[in-house]
Amino acid sequence: MTEAEIQELAKDYLGYFLHDGAIEAHEFKAVETMWRLCRDEPKTGFRAIWVAVNMIEAENSRALSFLGTGPLEDLINFHGGDVVGLLIEAARENVNFCIALSCVWKNALDDYAWNRLAEELPGIRAFHGKHLKDGRASLS
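Residues numbered from 1 in each chain as written. Predicted model: local features only at pLDDT ≥ 70, side-chain atom pairs only at ≥ 80, totals over all residues. Heavy atoms only, no water.

**Quick notes on the overall build of the chain**
Put simply, the test is: Under the DSSP-based scheme used, a helix requires at least four consecutive residues in state H or I and a strand at least two consecutive residues in state E, with every element numbered from the N terminus. Any pair of residues with heavy atoms lying within 4.5 Å of one another is described as a contacting pair. The method behind every accessible area is Shrake-Rupley, applied with a 1.4 Å probe, and residues are considered shielded solely by the protein chains displayed.
On a plain count of helices and strands, the chain comes out with six helices and zero strands. In the chain, the order of α-helices and β-strands from amino to carboxyl end is α-α-α-α-α-α. A sequence separation of at least 24 residues applies to 69% of the contacts in the chain between residues at least 6 apart. Per element, the accessible surface of the chain, about 7600 Å² overall, is 53% carbon and sulfur.

The following block contains the structure:
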């Protein structure tokens, strides 16, 4: 997929969950495509999730939870130990990604992935919380 296609996929995926009213076919297709990428092409799936996370305003916890309980769970479910380190690093870098990753459900993960997240995420959330409380806009 090209970067432009990934951008469009992320926009359509979010549109599926965020628009009130009728869902358009391209938005529904985006959900299927995101699932397939997370299953078959984890690097591209991660990139699409990353792009979507960065399209969301921080206070939109609904959209972030959709990413956590959808494609992030799928990515971990299909590729567990291979991606969990990357996901933890992404959570350290980006508060929105951290929030989305915090929405993943335990029953969707193997023990190794769940234990890594349970070990790492509380400290990462505390770090982001401290910086947001201090009034710093940028976390990088």
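After that view, the rundown keeps rolling.
**Observations regarding the environment of arginine 116**
Put simply, the rule reads: Under the scheme applied here, a residue whose accessible area is under 20% of the maximum for its type counts as buried, over 50% as exposed, and between as partly exposed, the area being computed with a 1.4 Å probe on protein chains only.
By secondary structure assignment, the location of arginine 116 is in helix α6 (residues 111-133). You can call arginine 116 partly exposed: its relative accessible area is 24%. Every residue in contact with arginine 116, bar those within four places of it in the chain, is listed here: Val84, Gly85 and Ile88.

**Focus on the packing of helix α3 (residues 42-53) against helix α5 (residues 95-102)**
The condition is simple: A fitted line through C-alpha atoms serves as each axis, taken over the contacting stretch for helices, and the angle formed by two N-to-C directions is quoted from 0 to 180°. Orientation categories follow fixed angle ranges, with anything under 35 degrees roughly parallel, anything over 145 roughly antiparallel, 65 to 115 roughly perpendicular, and all other angles oblique. Should the near helix be turned counterclockwise from the far one by less than a right angle, the crossing is left-handed, whereas a clockwise turn marks it as right-handed.
Running from N to C, α3 and α5 point in directions that differ by 115 degrees, and their axes come no closer than 9 Å. It follows that α3 is roughly perpendicular to α5 by the angle criterion. In the packing of α3 onto α5, the handedness of the crossing is right-handed. Between α3 and α5, the residues in contact are Phe46, Ile49, Trp50 and Val53 and Asn96, Phe97 and Ala100, respectively.

**Observations concerning the packing of aromatic side chains**
The relative placement of two aromatic rings is captured by the distance of their centres and the angle of their planes. Rules: Note on ring pairs: Phe, Tyr and Trp rings are taken, using the six-membered ring of Trp, and paired if centres are within 6.5 Å. Classes follow the plane angle, with under 30 degrees stacked, over 60 edge-to-face and the rest tilted.
What the rule picks out here adds up to five aromatic pairs. Between tyrosine 16 and phenylalanine 28 the ring centres are 5.9 Å apart and the planes differ by 50 degrees, which places this aromatic pair in the tilted class. Placement of tyrosine 16 in helix α1 (residues 3-18) and of phenylalanine 28 in helix α2 (residues 25-40) is noted, with a sequence separation of 12 residues between them. Phenylalanine 28 gets classed as partly exposed once you look at its relative accessible area, which sits at 43%.

**Here we look at the nonpolar core**
Note the threshold: Nine residue types can take part in a nonpolar core, namely buried Ala, Val, Leu, Ile, Met, Phe, Trp, Tyr and Cys, and a core is a set of them joined through side-chain atoms within 4.5 Å.
If you look at the biggest cluster of nonpolar residues, it comprises 41 residues, and the most contacted ones within it are Ile76, Leu87, Phe97 and Leu101. Among the elements of the structure, α1, α2, α3, α4 (61-93), α5 and α6 are those that each provide at least two residues to this core. The greatest single-element share of this core, amounting to 12 residues, is contributed by α4. Residue contacts for phenylalanine 97: discarding those within four places in its chain leaves Phe46, Ile49, Trp50, Val53, Leu72, Leu87, Ala90 and Ala91.

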